[in-house]
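Structure at a glance
Here is what each chain is made of, one letter per residue.
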Amino acid sequence: MARMFGTDGVRGVANTELTADLAMKLGAAGTCVLAESSSDPLIVIGRDTRISGEMLEEALTAGILSMGGSVIKAGVLPTPGIAYLTQLYGADAGIVISASHNPYQFNGIKFFNSKGFKLDDALEDEIEALIRSGSLADRAADSEHIGTVKEPPEPPVDAYRKFVMSTFDGGSLDGVKLVLDCANGASSVLAESVFSGLGAEVTVIGNEPDGININDNVGSTHPEKLAETVVKTGADLGLAFDGDADRLIACDEKGMIIDGDRLISIMEMLLKDEGKLAGNKVTVTVMSNIGFHKRAEELGIDVDVTKVGDRYVLERMMETGCVIGGEQSGHIILREYASTGDGMLSGLQLLKAYTRYKKPLSELAGAMKVYPQVLINAKVSNAVKDKWNENKEVAQAAAEAEKKIGGTGRVLIRPSGTEPLVRVMIEGEDPDKIRPIAEDLAALIEEKLSGSAAE
């Protein structure tokens, strides 16, 4: 039986896989598990702009209230906003309804604990087990103890806006010309007011959500329009968020896209110069470009490496006390301020670096050389994808590939966490040289692992 929770909550096609019935059960089971010791459970719910968000919000609310929990509906708000408000309101849990960067047809439900952190696997498994047990009805509150919907002390969007703006200590943004791409998603409700409120001259795109245009050729996964607008308006830089605004991808004044690796590289330099880089350490995943590692070495910064997933980055940061980490995709965790990735907060820290160093963003980003990456997927069964490194011929071929590249790149082979694939990623200075190496290695993996599956 497939696990209900994936790497970032429960996701699926809205009203087909992720139904109102499932959402109601998730709300009920989540209340039982996360607020088990509370006499008056309180849960904060937020969503992005997908058309299915209101349906799932009402279903979750019904499930929570049926178990005697109360709800604060934060409405449309970025994922990190719900993590923040969960702590601010002293709630037992927070729930976000979003499928992040995916098209509108998909939606998702993810939980935060009372401290604003994503749940570990054990708690997710406990929620899932309770749903599958069929015993939720036995846990329902009696008629006089059904929960209620509560009004927050101030509009949630205002509370979160104040917090985000308070994290910027880089002076005024007067004179900074900025383009924002809100992905027709959750940041549409407040991004313009945050950055213009700090003095920037702001042009906004992707801020007219209609329920079905979220991430539709806009946002952090489609930054082409951002780059075009930056160049057209003569802006100093551009910032693009994804549908739930926990990612940031930037664009310099020349229209060049700047990914998470380069953004983290700029921010770690700022933190080191300010004496705030705890442990002189940064945390990234195995997918970070080798150029990131070389730049960190130039700066005298140690790099911790985790498997792919911002939750694993955060876990390592919590273990080591590291204050900055993230992914190439633009999930950037600044632990001094937040318990999860926050696109707008990251954007403000990038602007702080921009105003402090008084250099064009192209120059700041250019300090890190990006090595070309080629990614080829080898299609294998889920049953054998974790065994690729047990095949001697594959291991030998990988070692030979490393020799061919020499010291100018690397070979990374890893099984997909969600699909029947083994991903072969090779970095090097010459993409024409590394592509055939990656293709040959992926073909060999398919051949050898298919054979082992047949046996």
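These figures come from a predicted structure and were not determined experimentally.

**Section: the side chain of Asp48**
With respect to the helices and strands, the residue Asp48 is situated in the loop between strand 2 (42–47) and helix 2 (53–66). Residue classification places Asp48 among the buried positions, given a relative accessible area of 1%. Side-chain polar atoms of Asp48 contact the side chain of Arg50, separated by 2.7 Å. Ignoring anything within four residues of it in the chain, the contact list for Asp48 reads Val76, Ile97, Ser98, Ala99, Ser100, Ala186, Ile214 and Gly243.

**Side note on the side chain of Asp252**
For Asp252, the location among the structural elements is in the loop between strand 9 (248–251) and strand 10 (257–258). One polar contact links the side chain of Asp252 to the main-chain amide nitrogen of Lys254, over a distance of 2.8 Å. Once residues lying within four places of it in the same chain are set aside, the contact partners of Asp252 are Val230, Asp236, Leu237, Ile258, Leu361 and Ser362.

**Focus on the sheet that holds strand 10**
One open sheet holds the five strands; their spatial order is 7-6-8-9-10, and the pairing between them is mixed. The sheet terminates laterally at strand 7 (201–205) and strand 10, the two strands that pair on one side only. Bridge count between strand 6 (residues 177–181) and strand 8 (residues 237–241): four bridges; the pairing is parallel. Residue pairing for strand 8: Leu180 is matched across the bridge by Leu239.

**Points about the pairing of strand 16 (residues 410–415)**
Of all six residues in strand 16, five are buried, a share of seventy percent or more. Pairing analysis gives six bridges linking strand 16 to strand 17 (residues 421–427), with the strands arranged antiparallel. Bridge pairing in strand 17 places Pro415 opposite Val422.

**Observations concerning the environment of Phe112**
Inspection of the secondary structure assignment puts Phe112 in strand 5 (residues 106–112). The class for Phe112 is buried, based on a relative accessible area of 0%. Sequence separation between Phe112 and Ala93 is 19 residues, and the spatial gap between their C-alpha atoms is 5.5 Å.

**What about the nonpolar core?**
Counting residues in each nonpolar core, the largest one holds 68 residues, and the members touching the most others are Phe195, Leu239 and Leu351. Ala28, Ala29, Val33 and Ile64 belong to the second-largest nonpolar core, a separate cluster that totals 31 residues.

Quick notes on the rules
- Residues numbered from 1 in each chain as written.
- Predicted model: local features only at pLDDT ≥ 70, side-chain atom pairs only at ≥ 80, totals over all residues.
- Heavy atoms only, no water.
- Helix = DSSP H or I, 4+ residues; strand = E, 2+ residues; numbered from the N terminus.
- Buried < 20%, exposed > 50% of the residue type's maximum accessible area, 1.4 Å probe, protein only.
- Polar contact = N/O pair within 3.5 Å; in protein donor to acceptor, adjacent residues only side chain to side chain.
- Contact = heavy atoms within 4.5 Å.
- Pairing = 2+ DSSP bridges.
- Core = buried A, V, L, I, M, F, W, Y, C linked by side-chain atoms within 4.5 Å.

The values reported here are purely geometric and, on their own, carry no functional implication.
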